Amino acid sequence: MDPVVVVGGGIVGASVAHHLREADVPVALYERDALGGGATADSVAMFVWKAAPAGGTDGAAHRLRARSWGTYERLVDERALEFSRIGGLYPAESEARLDRLRDVAATLRGFGVRTELLDAAGLERFGLVTGELVGGLHVPDEGYLDPAGVVQYLVGEARAAGARVETGASVTDVLVEDDAVAAVEVDGERVPASGVVNAAGPWAPTVDAMAGVSLPLRHNRGPILVLDHEADRPLPFVEFESGQYVRGEGRRQVFAGAYGADYDAAERFDLDAVRSVDEEFRLAAGDLFERYLPDLAGAGVVNEWVGVRTLTPDGRPFVGETDLDGYYAATGMNGLGVTLAPAVGEHLASVVAADRTADTDFRDLLSPSRLR
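Here's a quick rundown of the structure.

Quick notes on the rules
- Residues numbered from 1 in each chain as written.
- Predicted model: local features only at pLDDT ≥ 70, side-chain atom pairs only at ≥ 80, totals over all residues.
- Heavy atoms only, no water.
- Core = buried A, V, L, I, M, F, W, Y, C linked by side-chain atoms within 4.5 Å.
- Buried < 20%, exposed > 50% of the residue type's maximum accessible area, 1.4 Å probe, protein only.
- Helix = DSSP H or I, 4+ residues; strand = E, 2+ residues; numbered from the N terminus.
- Contact = heavy atoms within 4.5 Å.
- Phe/Tyr/Trp six-rings, centres within 6.5 Å; stacked < 30°, edge-to-face > 60°.
- Lys NZ or Arg CZ within 6 Å of the ring centre and 35° of its normal.
- Pairing = 2+ DSSP bridges.
- Right-handed = clockwise from strand over helix to strand, strands pointing away.
- Salt bridge = Lys/Arg side-chain N within 4 Å of Asp/Glu carboxyl O.

1. Quick word on the nonpolar core
Here comes step 1: Ranked by size, the top nonpolar core spans 70 residues in total, and within it Val12, Leu20 and Tyr72 carry the most contacts.
Here comes step 2: Ranked by the residues each element gives to this core, the list is headed by helix H9 (residues 337-352), at 9 residues.
Here comes step 3: With residues up to four places along the chain from it excluded, the contact list for Leu20 reads Val4, Val6, Val25, Val27, Ala349 and Val352.
Here comes step 4: Counting 25 residues, the second-largest nonpolar core is a separate cluster that includes Leu227, Val246, Tyr292 and Val306.

2. Re the packing of aromatic side chains
Here comes step 1: Per the stated rule, a full pass over the model turns up 9 aromatic pairs.
Here comes step 2: Joined through ring pairs, the aromatic side chains of Phe47, Trp49, Trp69, Tyr72 and Phe83 make up one cluster.
Here comes step 3: When the ring centre of Tyr144 is taken as origin, the NZ or CZ atom of Arg247, which lies over that ring, is 3.6 Å away.
Here comes step 4: Positioned above the aromatic ring of Phe255 is the side chain of Arg247, whose terminal nitrogen or guanidinium carbon lies 4.6 Å from the ring centre.

3. Observations concerning the pairing of strand S2 (residues 27-31)
Here comes step 1: Most of S2 is tucked away: 5 of the 5 residues are buried.
Here comes step 2: Residues Val27, Leu29 and Glu31 of S2 are buried on one face, and the alternating residues Ala28 and Tyr30, pointing to the opposite face, are buried as well.
Here comes step 3: Of the strand pairs in this sheet, strand S1 (residues 4-7) and S2 are connected by 4 bridges, and their pairing is parallel. The partner of Val6 across the bridge, within S2, is Leu29.
Here comes step 4: Taken together, S1, helix H1 (residues 11-22) and S2 form a β-α-β motif whose crossover is right-handed.

4. Concerning the pattern of salt bridges
Here comes step 1: Counted according to the given criterion, the structure contains 23 salt bridges.
Here comes step 2: The shortest N-O distance in the salt bridge between Arg32 and Asp33 comes to 3.7 Å.
Here comes step 3: Judged by its relative accessible area of 48%, Asp33 is partly exposed.
Here comes step 4: Put simply, Arg291 and Glu93 hold a salt bridge, and the shortest N to O gap is 3.9 Å. With a gap of 198 residues between them, Arg291 in helix H8 (residues 279-292) and Glu93 in the loop between strand S5 (88-92) and helix H4 (95-110) connect regions that are remote in the sequence.
Here comes step 5: Overall, Glu93 belongs to the partly exposed group, its relative accessible area being 31%.

Right, here's the structure in full:
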């Protein structure tokens, strides 16, 4: 049997390759650069329980995250991976936002997730100045992983089970015969394939175009500043109503970022163009620190970059079969690639292997054809 070709060696592609081998499907993974690069390397690598619109009130979406966490928890317990349980904090600047957070808290508690509703004074223990805040939600079991470590583990397991993994190898075409995938070209060389999984992250639209498949994917910018600070306490992950966030890294470092444009305002980027953190974001970050986190106001920037997220119209990934026989999507993670990768890989492997036990709720939630 010809292998299923996985295009992309980020955290999603690594998970797909690993789970395909667990399903006894032959696999060849091709990554144009280094494993765990691109959007995976640019991520702040949070695992979150509170996520919208694909999360919170949707039972299937919560089960998808729970499936991922089941994998991560086992590997953390086995000391194969590290997880920093710093917690997630969601401050509210208005009573309307606080009411929405109350609803989220009730839903998450119904799913068995620990939550804590806070008044303004309760936010102060995390180092926030609360003059403009009315309260918030704390989700103590959120935290971050090492994405490079996750990718290396998954790829290592896939290789040990017989997967072929090549880096510095670009898929330059998807070859279609009789309305089905027949092969790919890797740097101009034909490689027969029984199927192709597009797990190319921001480059997914380019791979889709090779196959003659069209999915409504768009991009947005994810600027990041890394700061050294002298605050006397570590920071959790703090997500503000504006879409700005900070995430502590140990006791003396913090990442500051922003989610960027929503789908309606997003577009397709030239991914070869140079991207840099702009002055508007720097000023917005400085204003955020002055208002809520004055301990960071004088922090020095030690690194910065701009990542690219891939968005879908409804905030849910495209995972599963497409209109082209043998061509599968694992794209459009909407910034939740680290959170969802294990479950996405497991689900897609069950679809490719035609496993009759594949979760039908996940099919409905993630199917690339759902938006017709």
